[in-house]
Amino acid sequence: MPLPAPVPVQVHPDPPIYQALYSLWASQGRALPGRRDAEWTRLAAGPVWVDRTVRVSGILAPWAGAR
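Values in this document were obtained by computation on a predicted structure and should not be read as measured data.

From N to C terminus, the protein chain includes 2 helices and 2 strands. For the protein chain, the succession of helices and strands along the chain, N to C, is α-α-β-β. Among the 67 residues that make up the protein chain, the fraction classed as buried is 6%. Accessible surface computed for the protein chain: about 6,400 Å², of which carbon and sulfur atoms make up 64%.

Attention now moves to a nonpolar patch on the surface. Taken together, the side chains of I17, Y18, L21 and L24 make up a nonpolar region of the molecular surface, amounting to roughly 390 Å² of accessible area. You can see Y18 is positioned in helix 1 (residues 16–27). Relative accessible area serves as the criterion here: at 44%, Y18 is assigned to the partly exposed category.

Moving on to helix 1. Its 12 residues give helix 1 an end-to-end C-alpha distance of 16 Å, which sits within 8% of 16 Å, the value for a rise of 1.5 Å per residue. Phi for G29, located one or two positions after helix 1, is positive at around 75°.

Counted by the stated rule, this structure contains 1 aromatic pair. Between Y22 and W25 the ring centres are 6.4 Å apart and the planes differ by 35°, which places this aromatic pair in the tilted class. You can see Y22 and its partner W25 sitting in helix 1, 3 residues apart, about one turn around the helix. Residue Y22 is classed as partly exposed on the basis of its relative accessible area, which comes to 29%. For W25, a relative accessible area of 24% puts it in the partly exposed group.

Per the counting criterion, the structure on display carries 1 salt bridge. The shortest N-O distance in the salt bridge between R42 and E39 comes to 3.9 Å. Of this pair, R42 and E39 both sit in helix 2 (residues 38–45), separated by 3 residues, roughly a single helical turn. Assessed through its relative accessible area of 46%, R42 is described here as partly exposed.

Here S27 lies in helix 1. Looking at S27, the relative accessible area reads 61%, which means it is exposed. Within polar-contact distance, the side chain of S27 engages the backbone oxygen of L24 at 2.7 Å.

Quick notes on the rules
Residues numbered from 1 in each chain as written. Predicted model: local features only at pLDDT ≥ 70, side-chain atom pairs only at ≥ 80, totals over all residues. Heavy atoms only, no water. Helix = DSSP H or I, 4+ residues; strand = E, 2+ residues; numbered from the N terminus. Buried < 20%, exposed > 50% of the residue type's maximum accessible area, 1.4 Å probe, protein only. Areas by Shrake-Rupley, 256 points an atom, 1.4 Å probe, with all protein chains shown as cover. Patch = residues over 30% accessible without salt bridge, like charges linked within 9 Å, V, L, I, M, F, W, Y side chains within 5 Å. Salt bridge = Lys/Arg side-chain N within 4 Å of Asp/Glu carboxyl O. Expected span 1.5 Å × (residues − 1). Phe/Tyr/Trp six-rings, centres within 6.5 Å; stacked < 30°, edge-to-face > 60°. Polar contact = N/O pair within 3.5 Å; in protein donor to acceptor, adjacent residues only side chain to side chain.

In structure tokens form, the structure reads like this:
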């Protein structure tokens, strides 16, 4: 018995207000829905040491547990 043909999915374009918001966020270097976050990728790829500090969004921040 043949499989039924898949039903095409309709993709609706984002309303203009969201397109403008995405453009604003992209121009400010923010993470966007559906796209990889370059800063998270960079942070997650680094070695993990308890006593190190990392640069998060341009701010030097203490790592886990440091106060």
